[in-house]
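Tertiary structure, described
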Amino acid sequence: MGKNDFLTPKAIANRIKAKGLQKLRWYCQMCEKQCRDENGFKCHCMSESHQRQMQVFGQNPNRIIDGYSEEFEREFLEHMKRSHRFSRVAATVVYNEYISNRHHIHMNSTQWATLTEFVKYLGRTGKCKVDETPKGWFITYIDRDSETLFKERLKNKRLRADEVEEEKQEREIKRQIERAEQLIPSVSGSSQPNESERVLLKSEDGGKIAFALGSSKPVVKEKRESSKLVFEDGESSNPVKGKGAGGNVGGGVSALDELMREEEKVKERMNRKDYWLCEGIVVKVMSKALAEKGYYKKKGIVVKVIDKYVGEIKMIDSNHVLRVDQEELETVIPHIGGPLRIVNGAYRGSNARLLALDTEKYSAKVQIEKGIYDGRVLQAVEYEDICKAAV
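Because the structure is predicted, anything quoted here is derived from the model rather than measured.

Quick notes on the packing of aromatic side chains
With the rule as written, the count across this model stands at 12 aromatic pairs. Between Phe-72 and Tyr-98, the aromatic rings sit 5.3 Å apart at their centres with planes inclined by 85°, giving edge-to-face as the arrangement. One end of the pair, Phe-72, is in helix H4 (residues 61-83); the other, Tyr-98, is in helix H5 (residues 91-98), with 26 residues separating them in the sequence. Judged on exposure class, the residue Phe-72 and its partner Tyr-98 are both buried. Seen from their ring centres, Phe-72 and Phe-118 are 5.0 Å apart, and the 70° between their planes marks the pair as edge-to-face. Of this pair, Phe-72 sits in helix H4 while Phe-118 is found in helix H6 (residues 115-124), placing the two residues 46 residues apart along the sequence. Since its relative accessible area comes to 0%, Phe-118 is described here as buried. A connected cluster of aromatic rings, assembled from ring pairs, spans Phe-72, Phe-76, Tyr-98, Trp-112, Phe-118 and Tyr-121. Just above the ring of Phe-138 sits the side chain of Arg-88; from NZ or CZ to the centre is 4.6 Å.

Here you go:
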């Protein structure tokens, strides 16, 4: 075999030495050559080829440095998008993964002298969300892909359309309630009914007829020009139970209560979903697979919801960010008087405050604080439909 043969022991040893990463300070970006030691780097700098490259660099140094900086930034963000698209990760971890490729653009050829300066630059330009912690710098990739932005716009459009539809239904229900209140006779103003009202309240055998909203029984009409609807309240001074011709019992259900119940049913059908995660609530991790790492039954804050069923949870104790499915999470009940979010059911998405707990029925009494239902008190909301709000 010749002196410089491919299979000579020296050639094999040289390939083994050159296989791994070498010292950054012994790398020449202009020549794209990695030297093994200081002596080799010194010899390379004295070579004719390196001198020619330095002459090219001296003609326009700013343009070359800017070109290397743009290429370094593009490749770094591409790696973030591919490997840590939805995660909050340490900047050093991403950098070590990036430089594992021997032919990457080295940072000493860019405008940033240290990784900290580069991370701050990403935060200033809005390309990444940057956090400084006692454990170092953490970054989160901000996805600005055109397809992602298009999906986000469609999602926001659907949400706005749902809100507009819900407001229309609320206005319609309020108009129905006002019409029903106008139809209810004011009992306090008159002590005795007049002659026409007596005719309406009498049946064929002399008994009284009581009416309830939505009753399927026929309405009694007076054989005159005008007609009236009479609603007998169940709490009146003379309740008579169904022996009249109508055959229906006059209960204590008013038109307003009936309309409110119908409203609750409509909202329950619309807002009851099989997913309940939302940003800004405190949840408890119930995944036994995470027990080894100390996250089992620990509390965290939902910082992001992915595809409706998966949440990024920032642990309260350690500030670590986990990605957990909602099946492995549990709602947290606040203390009495504490703020909460209604995460499912008729009033889904409303902010409220806890008033009382019913441990036997596993339900809570809450009062809504903001929005069009401000001040409304809900008597029995299940534990699974409410969750503590992060303050």
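More follows now that the structure is in view.
With respect to the nonpolar core
Residues Phe-72, Phe-76, Met-80, Phe-118 and Ile-139 are the most contacted members of the largest nonpolar core, which totals 25 residues. Elements that contribute at least two residues to this core include exactly H4, H5, H6 and strand S5 (136-141). By residue number, the principal contributor to this core is H4, which donates six residues.

Things to note about H4
Given a rise of 1.5 Å per residue, 23 residues ought to cover 33 Å, and the 33 Å separating the end C-alpha atoms of H4 matches this to within 8%. Burial in H4 covers these residues: Ile-64, Tyr-68, Ser-69, Phe-72, Glu-73, Phe-76, Leu-77, His-79 and Met-80. In this fold, the buried residues of H4 make contact with helix H3 (48-59), strand S3 (88-90), H5, H6, strand S4 (128-133) and S5.

A word on a positive patch on the surface
A cluster of basic side chains, namely Lys-155, Arg-158, Lys-273 and Lys-308, defines a positive patch on the protein surface. The residue Arg-158 is located in helix H7 (residues 146-183) in this model.

Some thoughts on the side chain of His-84
Mapping His-84 onto the fold places it in the loop between H4 and S3. Here the side chain of His-84 touches Glu-97 through a polar contact of 2.9 Å, side chain to side chain. Setting aside chain neighbours within four positions, we find His-84 in contact with His-79, Val-89, Val-94, Glu-97 and Tyr-141.

Points about the packing of H3 against H4
Close contact between H3 and H4 brings their axes to 5 Å; oriented N to C, the two are set at 100°. In terms of axis orientation, H3 runs roughly perpendicular to H4. Within the contact between the two elements, H3 uses Val-56, Phe-57, Gly-58 and Gln-59 and H4 uses Pro-61, Ile-64 and Ile-65. Each residue belonging to the contact of H3 with H4 can be placed in one class, and the counts come to five nonpolar, two polar and no charged.

What to know about the sheet that holds strand S7 (residues 299-306)
Here five strands make up an open sheet; going across it, the order is S9-S8-S7-S6-S10 and the pairing antiparallel. Each of the sheet's edge strands pairs with one partner strand only, and the pair in question is strand S9 (321-325) and strand S10 (329-331). Ignoring which end each strand starts from, the neighbouring axes of this sheet average 50° apart. Where S7 lies against strand S8 (residues 310-315), six bridges are found, and the strand directions are antiparallel. Bridging across to S8, Val-302 finds its partner in Ile-313.

Section: the confidence of the model for the chain
Residues with a pLDDT of 70 or more make up 77% of the chain, whose mean pLDDT is 77. Of all the helices and strands in the chain, helix H8 (residues 195-201) carries the lowest mean pLDDT, 41, while strand S15 (residues 386-388) carries the highest, 94. A low-confidence stretch, residues 187-252 (pLDDT under 50), is modelled with 54 contacts involving residues beyond four sequence positions or located in other chains.

Calculation notes
- Residues numbered from 1 in each chain as written.
- Predicted model: local features only at pLDDT ≥ 70, side-chain atom pairs only at ≥ 80, totals over all residues.
- Heavy atoms only, no water.
- Phe/Tyr/Trp six-rings, centres within 6.5 Å; stacked < 30°, edge-to-face > 60°.
- Helix = DSSP H or I, 4+ residues; strand = E, 2+ residues; numbered from the N terminus.
- Buried < 20%, exposed > 50% of the residue type's maximum accessible area, 1.4 Å probe, protein only.
- Lys NZ or Arg CZ within 6 Å of the ring centre and 35° of its normal.
- Core = buried A, V, L, I, M, F, W, Y, C linked by side-chain atoms within 4.5 Å.
- Expected span 1.5 Å × (residues − 1).
- Contact = heavy atoms within 4.5 Å.
- Patch = residues over 30% accessible without salt bridge, like charges linked within 9 Å, V, L, I, M, F, W, Y side chains within 5 Å.
- Areas by Shrake-Rupley, 256 points an atom, 1.4 Å probe, with all protein chains shown as cover.
- Salt bridge = Lys/Arg side-chain N within 4 Å of Asp/Glu carboxyl O.
- Lys, Arg positive; Asp, Glu negative; His and termini not counted.
- Charge placed at Lys NZ, Arg CZ, Asp CG, Glu CD.
- Polar contact = N/O pair within 3.5 Å; in protein donor to acceptor, adjacent residues only side chain to side chain.
- Axes fitted to C-alpha atoms, helices over the stretch in contact; angles between N-to-C directions.
- Parallel < 35°, antiparallel > 145°, perpendicular 65-115°, else oblique.
- Nonpolar A, V, L, I, M, F, W, Y, C, P; charged D, E, K, R; others polar.
- Pairing = 2+ DSSP bridges.
- pLDDT = per-residue confidence, 0-100.

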